[in-house]
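Listed below are the residues making up each chain.
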Amino acid sequence: MDVQIEESWKEVLKDEFHKDYFQHIVAFLKAERATGKIIYPPGPLIFNAFYKTPFNNVKVIILGQDPYHNPGQAHGLSFSVPTGVAKPPSLVNIFKELQNDIGIAPPVSGNLERWAERGVFLLNASLTVRKNEPGSHSKIGWLEFTDAVIKKLSDEKKGLVFLLWGKFAQDKQALIDETRHHVLKAAHPSPFSVDKGFYGCRHFSKTNELLASENIEPIDWKL
């Protein structure tokens with residue numbers, strides 16, 4: 001099938017689109033919509049992370065779990081919300097650490113598109129969710145797909161920095177070849193765990209130090 005996804009990723013992932021699990025994802029989403037279910041993000045934004053950060057541009061990966069499940073929040077980038085939408089608590093905490101780490105004042109908007117355009121791949125492990133039902137699409141095949149994405153990045157690129165926040169993200173560490181890439185781990189920025197090691201992790205400055213060590217241009221974290 002012809003999946004609407006950015007061309008460089010389409011080439012890298014072409015084998016995945018023909019596998020049974022991916023056909024199941026497509027059939028499941030069609031059935032959900034046919035029965036009136038509301039799915040986030042909107043269809044054109046399901047692969048937004050891939051459009052904003054083409055395969056060849058990826059430098060850093062920030063792995064999220066699920067898209068936001070409340071109206072207007074999800075737009076296909078992990079932790080990000082569209083301009084004009086209130087910042088969720090985890091994102092507020094990310095901006096606090098950004099300020100404490102490298103002195104960038106928290107931006108007005110929670111839209112992280114500029115990070116994505118500078119090489120920060122904002123990938124959710126599940127790319128869709130049913131309205132008001134967190135985790136509702138976590139078992140339809142998305143995890144197999146995004147695991148394949150992580151593996152492709154690990155196998156075909158070098159010198160990437162993977163930011164794994166919280167246990168769910170850290171469980172993906174096994175997919176990453178740490179002889180080729182860098183892994184930084186911390187607690188999740190959620191209010192429930194931010195004091196258990198996210199605050200003070202200094203992942204923004206550490207990421208740029210690691211990129212510089214690979215002769216890769218650091219990320220401009222200012223939004």
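1. Thoughts on helix α6 (residues 142–156)
Then, in step 1: Compared with an ideal rise of 1.5 Å per residue, which puts 15 residues at 21 Å, α6 spans 21 Å between its outermost C-alpha atoms and is within 8% of the ideal.
Then, in step 2: Buried residues of α6: Trp142, Phe145, Thr146, Ala148, Val149, Ile150, Leu153 and Ser154, and no others.
Then, in step 3: Next to the buried residues of α6 lie α1 (7–12), α2 (20–34), α3 (48–52), β2 (60–64), β3 (120–124) and β5 (161–165).

2. Describing the nonpolar core
Then, in step 1: Counting 67 residues, the largest nonpolar core has Phe50 and Phe145 as its most contacted members.
Then, in step 2: Contacts of Phe145, omitting those with residues within four sequence positions, involve Leu13, Glu16, Phe17, Tyr21, Phe22, Phe47, Phe50 and Leu127.

3. A few points about the side chain of His137
Then, in step 1: Inspection of the secondary structure puts His137 in the loop between β4 (129–130) and α6.
Then, in step 2: A distance of 2.7 Å separates a polar atom in the side chain of His137 from a polar atom in the side chain of Thr128.

4. What about the pattern of salt bridges?
Then, in step 1: Under the definition given, this model contains 13 salt bridges.
Then, in step 2: Lys52 serves as the salt-bridge partner of Glu117, at 3.9 Å between the closest nitrogen and oxygen. With Glu117 in helix α5 (residues 113–117) and Lys52 in helix α3, this pair connects stretches of sequence that are 65 residues apart.
Then, in step 3: Relative accessible area serves as the criterion here: at 46%, Glu117 is assigned to the partly exposed category.
Then, in step 4: Given a relative accessible area of 24%, Lys52 falls into the partly exposed group.
Then, in step 5: Each member of the salt-bridge network shares a partner with another, and the members are Glu32, Arg130 and Glu133.

5. Observations concerning the sheet that holds β5
Then, in step 1: Strands sit in the order β3-β2-β5-β6 across an open sheet of 4 strands; the sheet is parallel. Either end of the sheet is taken by a strand with one partner, and the two such strands are β3 and β6 (182–186). When strand polarity is set aside, the average angle formed by the axes of neighbouring strands in this sheet is 20°.
Then, in step 2: In the sheet, β2 pairs with β3 via 5 bridges, with the strands oriented parallel.

6. Looking at the pairing of β6
Then, in step 1: Where burial is concerned, most of β6 is hidden: 4 out of the 5 residues are buried.
Then, in step 2: Looking at chain direction, β5 and β6 are connected through 5 bridges and run parallel. Among the inter-strand pairings, Phe162 is bridged to a residue of β6, identified as Val183.

7. Quick notes on helix α4 (residues 89–102)
Then, in step 1: Taking 1.5 Å as the rise per residue, α4 with 14 residues should run 20 Å; its terminal C-alpha atoms sit 20 Å apart, in good agreement.
Then, in step 2: Within the sequence span of α4, burial applies to Ser90, Leu91, Asn93, Ile94, Phe95, Glu97, Leu98 and Asp101.
Then, in step 3: Against α5, β5 and α8 (203–213) lie the buried residues of α4.

8. Remarks on the environment of Phe47
Then, in step 1: Mapping Phe47 onto the fold places it in the loop between β1 (39–40) and α3.
Then, in step 2: The buried category is assigned to Phe47, whose relative accessible area is 9%.
Then, in step 3: Put simply, Phe47 and Thr128 are 81 residues apart on the chain and 9.7 Å apart in space, counted from C-alpha to C-alpha.
Then, in step 4: Setting aside chain neighbours within four positions, we find Phe47 in contact with Val3, Gln4, Ile5, Phe22, Leu127, Trp142 and Phe145.

9. Topic: the packing of α2 against α6
Then, in step 1: Their axes nearest at 9 Å, the elements α2 and α6 cross at an angle of 130°. Judged on the interaxial angle alone, α6 and α2 are oblique. Seen from above, α2 lies across α6 with left-handed handedness. Across from Tyr21, Phe22, Ile25 and Leu29 in α2, the residues of α6 making contact are Trp142, Glu144 and Phe145.
Then, in step 2: Partitioning the contact of α2 with α6 into residue classes produces 6 nonpolar, no polar and 1 charged.

10. With respect to the packing of aromatic side chains
Then, in step 1: Summed over all chains, the structure comprises 21 aromatic pairs.
Then, in step 2: Aromatic pair Phe17 and Phe22: ring centres 5.0 Å apart, planes at 70°, arrangement edge-to-face.
Then, in step 3: On the accessibility criterion, Phe22 (2% relative accessible area) is buried.
Then, in step 4: Within the aromatic cluster, the residues linked to one another by ring pairs are Trp9, Phe17, Tyr21, Phe22, Phe47, Phe50, Phe55, Phe121, Trp142 and Phe145.
Then, in step 5: In this arrangement the basic side chain of Lys157 is found over the ring face of Phe55, its NZ or CZ atom lying 5.2 Å from the centre.

Reading guide: rules and limits
- Residues numbered from 1 in each chain as written.
- Predicted model: local features only at pLDDT ≥ 70, side-chain atom pairs only at ≥ 80, totals over all residues.
- Heavy atoms only, no water.
- Helix = DSSP H or I, 4+ residues; strand = E, 2+ residues; numbered from the N terminus.
- Expected span 1.5 Å × (residues − 1).
- Buried < 20%, exposed > 50% of the residue type's maximum accessible area, 1.4 Å probe, protein only.
- Contact = heavy atoms within 4.5 Å.
- Core = buried A, V, L, I, M, F, W, Y, C linked by side-chain atoms within 4.5 Å.
- Polar contact = N/O pair within 3.5 Å; in protein donor to acceptor, adjacent residues only side chain to side chain.
- Salt bridge = Lys/Arg side-chain N within 4 Å of Asp/Glu carboxyl O.
- Pairing = 2+ DSSP bridges.
- Axes fitted to C-alpha atoms, helices over the stretch in contact; angles between N-to-C directions.
- Parallel < 35°, antiparallel > 145°, perpendicular 65-115°, else oblique.
- Left-handed = near helix turned anticlockwise from the far one by under 90°.
- Nonpolar A, V, L, I, M, F, W, Y, C, P; charged D, E, K, R; others polar.
- Phe/Tyr/Trp six-rings, centres within 6.5 Å; stacked < 30°, edge-to-face > 60°.
- Lys NZ or Arg CZ within 6 Å of the ring centre and 35° of its normal.

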